[in-house]
Amino acid sequence: MNWAQAGFEVLGTKVLWTDLVGNVAALATVLLAMRRSLWTWPVQLTGAVLLLVASLTAHITGNALKQVMFGGLAIYGWWRWSRGIRDGGSLPVRPARPAERAGMIATLLIGTIAVGVVFYVAKLSWGAAVPPPEGYYLVAADAYIFVGSAVATWAQGRALVDFWIVWVAVDLVGVPLAFKSGLVVSGAVYGVFFVLVLAGLLNWLKEYRSSRAALVPEEAL
């Protein structure tokens, strides 16, 4: 057994170390994002690498591709946030503009359909091996999580408050799908994510409103 398959058993279920540590890093990423720390991105990159290995070990190709995407977007977000705090100040956050929000929704809808077709035809989703109609639903859920994760991470890189809302929508599907695929740790972590994401949304909204309130006296001069 190599290091990628190393793990331990909990109540008869094997837990991979890569899945466990990768998800701990993913949780840390959310906590760091709430604080708008630049460490959000190197930690996310580390978690993406570990979860990529876990997904390949579990033969979940679609999830593995998602981790590759996370790794690339982590580098993008690292660059964007580095620019945002270049002068030593805190990272400014804001809600998405109407055009940005419409673009995210369109990408989520159209992207899910397009990626779902690719996942099914190329057998990149484990749901493609399940007889229809259940298989169709599983592939659609896999594609939705993939595209939703991309949209959320892109919005996070641009410091848009809306990225938390997208994560809520992703988690509502990700929790049951992770348990069904056998990644118990991932399923449990998705549940914790849901709570943290709601807290993060409130935190960023509070920060945005505070920054706007601070600008009012200056704009009145």
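The numbers attached to residues start from 1 for each chain and follow its sequence in the written order. Per-residue local features of the predicted model are confined to residues with pLDDT of at least 70, and side-chain atom pairs are confined, for both listing and counting, to 80 or more; whole-chain, interface and lining totals are unaffected and use all residues. Each side-chain value is worked out from all heavy atoms of the structure, with water and hydrogens disregarded.

1. Quick look at the overall build of the protein chain
Here a helix means four or more residues in a row that DSSP labels H or I, a strand means two or more in a row labelled E, and each is numbered from the N terminus. Helix and strand counts for the protein chain come out as seven helices and two strands. For the protein chain, the N- to C-terminal ordering of α and β elements is β-β-α-α-α-α-α-α-α. Buried positions account for 45% of the 221 residues belonging to the protein chain. Contacts are residue-level and defined by heavy atoms, with any inter-residue pair within 4.5 Å sufficient. Sequence separation of 24 or more characterises 67% of the internal contacts of the protein chain that already satisfy a separation of 6 or more. Looking at the protein chain as shown, the accessible area adds up to about 11500 Å², and 70% of this sits on carbon and sulfur atoms. Exposure is judged per residue with a 1.4 Å probe applied to protein chains only, and the accessible area is read against the type maximum: over 50% gives exposed, under 20% gives buried, and values in between give partly exposed. In this description, accessible areas are obtained by the Shrake-Rupley approach with a 1.4 Å probe, and a residue is regarded as covered only by the protein chains that are shown.

2. Describing the packing of helix α2 (residues 40-57) against helix α5 (residues 134-157)
The description of two packed helices rests on the angle between their axes and on the distance between the axes. Interaxial distance between α2 and α5 falls to 12 Å at its minimum, and their mutual angle equals 155°. One finds that α2 runs roughly antiparallel with respect to α5. For α2 against α5, the interelement crossing comes out left-handed. Residues Thr40, Trp41 and Gln44 of α2 lie in contact with α5, whose contacting residues are Thr153, Gln156 and Gly157. The class makeup of the residues in the contact of α2 with α5 is one nonpolar, five polar and no charged. Axes here refer to lines fitted to C-alpha atoms; in helices the fit is confined to the stretch in contact. Angles between the N-to-C directions go from 0 to 180 degrees. Here roughly perpendicular refers to angles of 65 to 115 degrees, roughly parallel to angles under 35, roughly antiparallel to angles over 145, and oblique to all remaining angles. In a left-handed crossing the near helix is turned counterclockwise from the far helix by less than a right angle, and in a right-handed crossing that turn is clockwise. In this classification, Asp, Glu, Lys and Arg are treated as charged, Ala, Val, Leu, Ile, Met, Phe, Trp, Tyr, Cys and Pro as nonpolar, and every other residue, Gly included, as polar.

3. What to know about the packing of aromatic side chains
Here a pair means two rings of Phe, Tyr or Trp (six-membered ring of Trp) with centres within 6.5 Å. Their orientation is stacked below 30 degrees between planes, edge-to-face above 60, and tilted elsewhere. Under the definition given, this model contains nine aromatic pairs. Ring geometry for Phe163 against Trp164: centres 4.3 Å apart, planes inclined by 35°, an arrangement best described as tilted. Taking the relative accessible area as the measure of exposure, Trp164 reaches 1% and is therefore buried. Ring geometry for Trp164 against Trp204: centres 5.8 Å apart, planes inclined by 80°, an arrangement best described as edge-to-face. Placement of the pair is Trp164 in helix α6 (residues 162-181) and Trp204 in helix α7 (residues 184-220), with a sequence separation of 40 residues. Grouping residues by exposure puts Trp164 and Trp204 together as buried. Members of the aromatic cluster, each reached through a chain of ring pairs, are Trp41, Trp81, Phe163, Trp164 and Trp204. Put simply, a charge is over a ring when the Lys NZ or the Arg CZ is close to the ring centre, within 6 Å, and near the line of the ring normal, within 35 degrees. Its end group placed over the ring of Tyr120, Lys123 keeps NZ or CZ at 5.1 Å from the ring centre.

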